[in-house]
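# Chain and residue survey
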Amino acid sequence: MKATRRRTRRTDPLASAAAVESVLAQLRTSLPELIPSSHKQLSSLLNSVRGLYTRPSVESNRGRPSRYTREQLLRVDSALRTLLARETRLSVRSFVGQYLPILDFPRDVREALERGDVNIFEAHQMARLTPKKLGGTDAQARSLRGKLLEAHLLAQGSGTLLRARVKEILGELREPDPTETEMLAVGKADELLEADPLDASHLFFEELRMISRALREIGPEEVTDDDLTEIMPAVDQITLTLQKIARRREREQTRKLTV
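In this report, we go over the structure that sits alongside the text. Throughout, residues of each chain are indexed from 1 in the direction in which the sequence is written. Only residues with pLDDT of at least 70 are given local features in this predicted model, and only at 80 or more are side-chain atom pairs given and counted; all residues enter the totals for whole chains, interfaces and linings. Calculation of side-chain values draws on the structure's entire complement of heavy atoms; hydrogens and water are dropped beforehand.

### A short note on the pattern of salt bridges
For salt bridges, the criterion is a side-chain nitrogen of Lys or Arg within 4 Å of an Asp or Glu carboxyl oxygen. All chains considered together, the criterion is met by eight salt bridges. Between Arg 115 and Asp 117 there is a salt bridge, with its nearest N and O atoms 2.8 Å apart. The partner of Lys 167 in a salt bridge is Glu 172, with the nearest N and O atoms 3.5 Å apart. Residue classification places Lys 167 among the buried positions, given a relative accessible area of 14%. Classification of residues uses two cut-offs on accessible area relative to the type maximum, computed with a 1.4 Å probe and protein chains only: under 20% is buried, over 50% is exposed, and between them is partly exposed. Overall, Glu 172 belongs to the partly exposed group, its relative accessible area being 32%. In the salt-bridge network here, residues are joined through shared partners; they are Arg 128, Lys 167 and Glu 172.

### A short note on the packing of helix α8 (residues 138-155) against helix α9 (residues 159-169)
Close contact between α8 and α9 brings their axes to 11 Å; oriented N to C, the two are set at 150°. Taken together, the axes of α8 and α9 lie roughly antiparallel to each other. Judged by the twist between their axes, the crossing of α8 over α9 is right-handed. On α9, the residues touching Leu 144, Leu 148 and His 152 of α8 are Leu 162, Arg 165, Val 166 and Ile 169. Residues are grouped as follows: Ala, Val, Leu, Ile, Met, Phe, Trp, Tyr, Cys and Pro are nonpolar; Asp, Glu, Lys and Arg are charged; every other residue, Gly included, is polar. Along the lines of polarity and charge, the residues of the contact of α8 with α9 split into five nonpolar, one polar and one charged. Every axis corresponds to a line fitted to the C-alpha atoms, with the helix fit spanning only the stretch in contact, and the corresponding angles, defined between N-to-C directions, vary from 0 to 180 degrees. Only DSSP runs of H or I reaching four residues or more are called helices, and only runs of E reaching two or more are called strands; each is numbered from the N terminus. Angles are sorted into four bins: roughly parallel if under 35 degrees, roughly antiparallel if over 145, roughly perpendicular if 65 to 115, and oblique for all others. A clockwise turn of the near helix away from the far one marks a right-handed crossing, whereas an anticlockwise turn of less than a right angle marks a left-handed crossing. Should any heavy atoms of two residues lie within 4.5 Å, those residues are considered in contact.

Shown next as structure tokens:
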């Protein structure tokens with residue numbers, strides 16, 4: 001059995017509350033008329049920017065009106081992309097989704113991240129162990145996170161193992177293993193080919209099959225920082241597309257229920 005070890009990582013220049021605050025301060029300087037001083041309002045604005053390209057560009061009268069116009073969101077998106085490009089290769093979506101939440105992490109998780117004990121992915125997993133989810137007090141949640149971190153560092157475990165441990169503590173359903181995922185992908189591809197040999201949709205599931213096989217064969221310790229830098233933009237785009245498909249399915253289901 002392959003030994004589990006923590007891979008060597010380069011220093012993450014944005015993996016601290018101070019670094020994130022610095023980016024936000026520069027963003028406020030760039031667009032003082034648009035960037036709110038309230039952290040809550042700023043988070044809301046940046047999440048709107050993050051979802052900018054997942055929504056239709058046409059204006060809609062449905063739902064609550066947005067506080068910001070599309071043009072304003074595009075300005076914020078452009079300014080933030082420029083700031084991030086100076087010292088990182090992060091996309092706006094990655095910054096807002098992965099690094100902005102650092103400001104809301106429990107203090108002990110932020111400190112572990114800033115010490116380099118955990119990376120940003122591992123910090124996100126630990127931050128999920130909140131008093132509300134655990135049904136306990138702040139002190140109990142902090143104690144549990146401390147014990148988990150101690151065990152994680154002692155074992156030099158991977159982020160994947162830490163994520164699995166957090167899911168176990170929270171009593172969440174397990175994810176299907178890669179073999180099960182591959183079999184599902186093969187089955188869907190075969191169904192599409194049988195229904196219509198000219199339908200290229202089966203290629204999507206064939207690609208999922210290849211990804212599933214790679215997940216089964218490649219260990220976390222084999223993935224380098226350069227690999228992650230190269231693959232994350234593609235993962236971002238895949239995630240955006242899958243989210244769009246899921247929302248379309250939800251709208252269709254809602255439409256059927258209201259007919």
